[in-house]
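Fold and geometry: a report
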Amino acid sequence: MGFEYLEIKNYEQYQNPTKMILENWQGTSTQATVGKLLEMLTAVERVDVISDLQGLIEEDCRKYLKKKQLQEQPVQVPEVDSCVPKTLEMNGITIDDDPSGHMPELFDAFICYCHRDIDFVHEMIRQLEQTECKLKLCVFDRDVLPGTCVWSITSELIEKRCKRMVVIISDDYLDSDACDFQTKFALSLCPGARSKRLIPVKYKPMKKKFPSILRFLTLCDYTNPCTTSWFWGRLAKALSLP
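Remember, it's a predicted structure, so these values are computed and weren't measured experimentally.

As a further point, take the pairing of strand β3 (residues 162–169). Burial analysis of β3 places seven of its eight residues in the buried class, the great majority of the element. Bridging between strand β1 (residues 107–112) and β3 involves five bridges; their strand directions are parallel. If you follow I111 over to β3, its bridge partner there is V166.

Below, the discussion takes up the environment of V49. Residue position: V49 is located in helix α4 (residues 47–72). Each C-alpha atom of the pair V49 and L38 lies 9.3 Å from the other, and the pair is eleven residues apart in sequence.

Even without glycine at this site, K134 takes up a positive phi of about 55°. Along the polypeptide, K134 turns up in the loop between α6 (118–128) and β2 (137–138). Overall, K134 belongs to the exposed group, its relative accessible area being 63%.

Turning to the sheet that holds β2, a few remarks are in order. The strand order β2-β1-β3-β4-β5 describes an open sheet built from five strands, whose pairing is parallel. This sheet does not close on itself; its edge strands, each paired only once, are β2 and β5 (220–221). Here β3 pairs with strand β4 (residues 198–202) via five bridges, running parallel. For M165, the partnering residue across the bridge sits in β4 and is L198. Along the sheet, helix α8 (residues 150–161) makes contact with β1, β2 and β3, crossing β3 at roughly 120°.

This paragraph deals with the confidence of the model for the protein. With 78% of its residues at a pLDDT of 70 or more, the protein shows a mean pLDDT of 81. Of all helices and strands in the protein, the one with the weakest mean pLDDT is helix α5 (residues 78–81) (44), whereas β2 scores best (98). Taken together, the stretch residues 76–87 has pLDDT below 50 and engages in three contacts with residues farther than four places along the chain or on a different chain.

Definitions and limits used
Residues numbered from 1 in each chain as written. Predicted model: local features only at pLDDT ≥ 70, side-chain atom pairs only at ≥ 80, totals over all residues. Heavy atoms only, no water. Buried < 20%, exposed > 50% of the residue type's maximum accessible area, 1.4 Å probe, protein only. Helix = DSSP H or I, 4+ residues; strand = E, 2+ residues; numbered from the N terminus. Pairing = 2+ DSSP bridges. Contact = heavy atoms within 4.5 Å. Axes fitted to C-alpha atoms, helices over the stretch in contact; angles between N-to-C directions. pLDDT = per-residue confidence, 0-100.

As structure tokens, this is what we get:
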């Protein structure tokens, strides 16, 4: 958080030192975010604290998404409002979705990826969907229909439509705001990885440091020549679990 030793000692005089540290950190640092706090807690192996915060984090995510959605809604005059589709926003959001909402399209896994890693996403589709594995992957650019709020759709798919989420880790992934949001949202749904909901995949060597927020999860490593032959079988088995 950037505090010096003497500053930290000074907080001991307060009745609630933790509250004071968080308030001062938020007021003095541009990196004071929920995601950064989760990274710090993960780094010191305080998974118990992350678990205790799960409900609060989920509620904050929902408030943020609602606020974001309201900000992105276009201003319309009353005469134009009649053109708005009558279906609910989360109905008919994917290619094979039921517009009425009675049978929403479900998936085995949501694929979190950076656009520069799309070639590996295609390979994943070939290995997991077009083989005897017969898994159903949610690939945003392929399966999601255009025209609705990205953040709302993403949270709906990760939380309610997909059993798992596969995170394709690369140097480009670390620079993607969308990937960052998707990963942290998924982690907030399963602190401590108790439900094995999130599966990190590394498919090529990285120059940057592996994200600390994911280092406590078992990695599926495509770059290791000793385990490459087992890669797709392990991944398919993990995604096929109930």
